[in-house]
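Structural features, examined
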Amino acid sequence: MKLLRLTHYFLLLLAQSLWQGCPLYGSLGDFRKPYNLSPRKAEEFVKNVRQNLEYGNLNLRVKVRLYEPLKSDSQKFGEIFYTNSSKKQKIRVVFGDKEYKFSYHKGQITKSSGDENFQINTPFFDDLLITPLDLLLSLSWNDSYEYFGEAKVAGRPVRQFVRREKDSINGIPYTSIQAFVDIRHMIILQIDFLNDVSILVRRLSVGSFKNFDGIWMPKIVEIMDVRGHRRTKLEILSVETVN
């Protein structure tokens with residue numbers, strides 16, 4: 001009897017250790033959604049987030065470095081030109097002789113580039129994960145997001161939003177996107193891509209912020225491919241306003 005109890009106790013500890021060692025990603029429909037805001041207050045928060053991301057009239061020239069943390073020879077340097085006017089965001093990305101142009105207006109994405117193979121959900125470079133869609137998701141707000149409740153990201157309280165979108169990014173299929181917005185500053189801190197059983201397959205997260213001459217911008221943005229165990233970092237080196 002004593003041996004049976006010890007065996008049961010050991011199996012229980014083993015099960016707990018295995019369970020705790022695995023990330024818990026439950027289906028969005030399996031659990032009661034922790035609605036912490038009334039519909040009116042959630043709508044008001046979303047309105048403030050949208051206004052915060054629109055910034056007003058703004059023209060920025062951002063110098064960046066792309067790299068894979070474990071590969072010293074993977075570095076790419078370039079510039080991102082960001083324009084926001086009349087609630088329309090335009091982005092021009094330049095890496096050497098490569099140039100990409102795309103914009104976002106009322107939920108619609110348009111692109112123009114000399115490269116016919118340029119796709120909004122394909123990485124700028126084969127060996128690095130970041131795509132034009134990552135930049136747009138970080139800088140704009142889609143009203144198809146639904147409020148899902150409160151959470152924490154890197155110890156900071158955030159409001160979590162979910163939107164259904166069956167598509168793929170960098171060849172990784174996903175069926176929904178979760179956006180985590182800092183409650184105090186109304187800045188997007190993390191974006192998760194989930195598959196059809198709500199398992200995390202890709203993540204974009206802001207590692208740190210820096211004040212560039214009065215403009216708060218992400219300092220480090222990391223993209224993680226969970227399936228392929230790969231990471232890419234985008235580091236902002238400098239920010240300046242342009243006419």
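Since this is a predicted model, take the numbers as computed values, not measurements. (Residues numbered from 1 in each chain as written. Predicted model: local features only at pLDDT ≥ 70, side-chain atom pairs only at ≥ 80, totals over all residues. Heavy atoms only, no water.)

A few points about the pairing of strand 9 (residues 188–194)
The side chains of a regular strand alternate, first on one face of the sheet and then on the other. With seven of seven residues buried, strand 9 lies mostly within the body of the structure. The sheet contact formed by strand 8 (residues 172–182) and strand 9 spans six bridges and is antiparallel. The residue of strand 9 that forms the bridge with F180 is Q190. Remark: five residues form the turn of the hairpin made by strand 8 and strand 9, two consecutive strands paired antiparallel; M186 in that turn has positive phi of roughly 55°. Bridge analysis of strand 9 against strand 10 (residues 200–212) gives five bridges, and the strand direction is antiparallel. Counted as the bridge partner of I191 is L204 from strand 10. The hairpin formed by strand 9 and strand 10 contains five residues between the paired strands, and S198 there has a positive phi angle of roughly 60°. (Buried < 20%, exposed > 50% of the residue type's maximum accessible area, 1.4 Å probe, protein only. Helix = DSSP H or I, 4+ residues; strand = E, 2+ residues; numbered from the N terminus. Pairing = 2+ DSSP bridges.)

Observations regarding the confidence of the model for the protein
On average, residues of the protein carry a pLDDT of 80, and 80% of them reach 70 or more. Below pLDDT 50 for its whole length, residues 1–33 participates in 17 contacts with residues either more than four positions away or in separate chains. (pLDDT = per-residue confidence, 0-100. Contact = heavy atoms within 4.5 Å.)

Here we look at the packing of aromatic side chains
A complete count under the given rule lists eight aromatic pairs for this structure. With a centroid separation of 6.1 Å and 5° between ring planes, the pair formed by F45 and F161 is classed as stacked. Taken together, the positions of F45 in helix 2 (residues 39–54) and F161 in strand 7 (residues 156–169) put the pair 116 residues apart, joining distant regions of the chain. In this pair, the class of F45 matches that of F161, namely buried. Taken together through their ring pairs, the aromatic side chains of F45, W141, Y145, Y147 and F161 make up a single cluster. Positioned over the ring face of F125 is K76, at 5.1 Å from the centre of the ring. (Phe/Tyr/Trp six-rings, centres within 6.5 Å; stacked < 30°, edge-to-face > 60°. Lys NZ or Arg CZ within 6 Å of the ring centre and 35° of its normal.)

Let's talk about unusual backbone geometry
In this model, A154 sits at a positive phi of 55°, which is unusual for a non-glycine residue. Examined against the element boundaries, A154 turns out to sit in the loop between strand 6 (146–153) and strand 7. What makes A154 exposed here is its relative accessible area of 81%.

Some points on the nonpolar core
Ranked by internal contacts, the top residues of the largest apolar core, which has 54 residues, are I91, V93, F102, L135, W141 and L234. Excluding its chain neighbours within four sequence positions, the residues that come into contact with W141 are V46, V49, R50, L53, Y104, F161, A179, V181 and I188. (Core = buried A, V, L, I, M, F, W, Y, C linked by side-chain atoms within 4.5 Å.)

A few points about the pattern of salt bridges
Counted under the stated rule, the structure contains 14 salt bridges. The salt bridge partner of D143 is R50, with a shortest N-O separation of 2.9 Å. Taken together, the residues D143 in the loop between helix 3 (132–139) and strand 6 and R50 in helix 2 connect sequence positions 93 residues apart. Relative accessible area serves as the criterion here: at 26%, R50 is assigned to the partly exposed category. (Salt bridge = Lys/Arg side-chain N within 4 Å of Asp/Glu carboxyl O.)

Notes on the environment of Y104
Checked against the element boundaries, Y104 lands in strand 4 (residues 98–105). With relative accessibility at 9%, the residue Y104 sits in the buried group. On a C-alpha basis, the gap between Y104 and L137 in space is 9.9 Å, while along the polypeptide they are 33 residues apart. Among the polar contacts listed, one links the side chain of Y104 to the backbone oxygen of W141, at a separation of 3.2 Å. (Polar contact = N/O pair within 3.5 Å; in protein donor to acceptor, adjacent residues only side chain to side chain.)

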